[in-house]
Amino acid sequence: MRVITGTARGRRLVTPAGLATRPTSEMAKEAIFSIIQFELEGAMVLDLFAGSGQLGIEALSRGARGAVFVDCAKEAADAIRQNLSTTGLGQNARLMQADAIPFLRSCRDTFDIALLDPPYQQGLVEEALQLLPTRMSPGGIIICETERNEVLPTPGEGFTRRKEYRYGKAKVTTFRREEEV
């Protein structure tokens, strides 16, 4: 697993040991960043269910203003710390070793882009999608990676489902908040 482009291009990233973390495939990651490539510069990014932190790190490498990484596992937090150090992107990052749902309930930050890659079929993404809209900026985008057949609810509060893309066993779904004129 590596950083695709930007200031940390080509840097290798570590993943947490064990089977608890399922890294996003290179193909899905490239697709995600093709979708948001023109919205990253200066954006505040949330990497929820961060695992190794590869999605948030890719965003920082491509010019995001900052990123918050949230994962409850100690192994994941250790991998994220190591990856931020390896890439030199830690100055614009904040790591929260916490459960995603309580984090969203108590968070007061606002994000331009939210990247969700939760454990499959555990209902976590549905619950997160209910809480995320109040944490998103006008014109915000939420991108979820789920199992190919998982059906997601629309978050509400001005968000609409835009596109779904399938990559092997994974599906990437985008939701956008329409900006008020």
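Located above this text is the structure these notes cover.
Calculation rules
Residues numbered from 1 in each chain as written. Predicted model: local features only at pLDDT ≥ 70, side-chain atom pairs only at ≥ 80, totals over all residues. Heavy atoms only, no water. Pairing = 2+ DSSP bridges. Helix = DSSP H or I, 4+ residues; strand = E, 2+ residues; numbered from the N terminus. Axes fitted to C-alpha atoms, helices over the stretch in contact; angles between N-to-C directions. Contact = heavy atoms within 4.5 Å. Buried < 20%, exposed > 50% of the residue type's maximum accessible area, 1.4 Å probe, protein only. Right-handed = clockwise from strand over helix to strand, strands pointing away. Arc of directions from axis to C-beta. Core = buried A, V, L, I, M, F, W, Y, C linked by side-chain atoms within 4.5 Å.

**Q** I keep staring at the sheet that holds strand 1 (residues 44-48) and nothing clicks. Help me out?
**A** By definition, the strands of a sheet pair up through backbone hydrogen bonds, in either a parallel or an antiparallel sense. One open sheet accounts for 7 strands, arranged 3-2-1-4-5-7-6; its pairing is mixed. Both outer strands of the open sheet, strand 3 (93-97) and strand 6 (159-167), are each paired with one neighbouring strand and no more. Put simply, the sheet's adjacent strands are angled 15 degrees from each other on average, direction ignored. Relative to strand 4 (residues 111-116), strand 1 is paired through 4 bridges, and the arrangement is parallel. Following the sheet pairing, D47 is matched in strand 4 by L115. This element, helix 2 (residues 54-61), spans strand 1, strand 2 (66-71), strand 3 and strand 4 of the sheet and lies at about 175 degrees to strand 2.

**Q** Where do I start with the pairing of strand 2 in this structure?
**A** The side chains of a regular strand alternate, residue by residue, between the two faces of the sheet. Of all 6 residues that make up strand 2, 6 are buried, and the element is covered over most of its length. Side chains of strand 2 alternate between two faces, with G66, V68 and V70 and A67, F69 and D71 buried alike. Direction of pairing for strand 1 relative to strand 2: parallel, over a ladder of 5 bridges. If you follow L48 over to strand 2, its bridge partner there is V70. One ladder, built from 5 bridges, connects strand 2 with strand 3; its direction is parallel. Residue pairing across strands places A67 opposite A93, the latter belonging to strand 3. Following the backbone out of strand 2, through helix 3 (residues 74-87) and into the adjacent parallel strand 3, one traces a crossover that is right-handed.

**Q** Which parts of the structure should I look at to understand helix 2?
**A** Residues spaced three or four apart along an α-helix point in a common direction, a consequence of the helix completing one turn every 3.6 residues. Along helix 2, 8 of the 8 residues are buried, which leaves the element largely enclosed by surrounding structure. The set of residues buried in helix 2 consists of Q54, L55, G56, I57, E58, A59, L60 and S61. On its buried side, helix 2 packs onto helix 1 (26-35), strand 1, strand 2, helix 3, strand 3 and strand 4. Downstream of helix 2 by one or two residues, G63 has phi in the positive range, about 110 degrees.

**Q** Looking at this structure, how should I read the environment of R162?
**A** Structurally, R162 can be placed in strand 6. On the accessibility criterion, R162 (41% relative accessible area) is partly exposed. Distance in space between the C-alpha atoms of R162 and Q37 is 16 Å, their sequence separation being 125 residues. Discounting chain neighbours no more than four positions away, the residues touching R162 are T174, F175, R176 and E178.

**Q** When you look at helix 5 (residues 124-131) in this model, what are you seeing that I'm missing?
**A** For helix 5, every residue scored as buried is listed here: V125, E126, A128 and L129. The buried residues of helix 5 all sit within an arc of 165 degrees when viewed along its axis, so they share a single face. Considering only its buried residues, helix 5 is in contact with strand 1, helix 4 (100-106), strand 4, strand 5 (136-147) and strand 7 (170-177).

**Q** Before we go on, may I ask you to explain the nonpolar core in this structure?
**A** The tendency in soluble globular proteins is for nonpolar side chains to be buried side by side. Grouped together as the largest cluster of nonpolar side chains are 28 residues, with contacts concentrated most on I32, F33, I36, V45, F69, I113 and L115. Counting 24 residues, the second largest nonpolar core, distinct from the first, contains M44, C107, A114 and L129.

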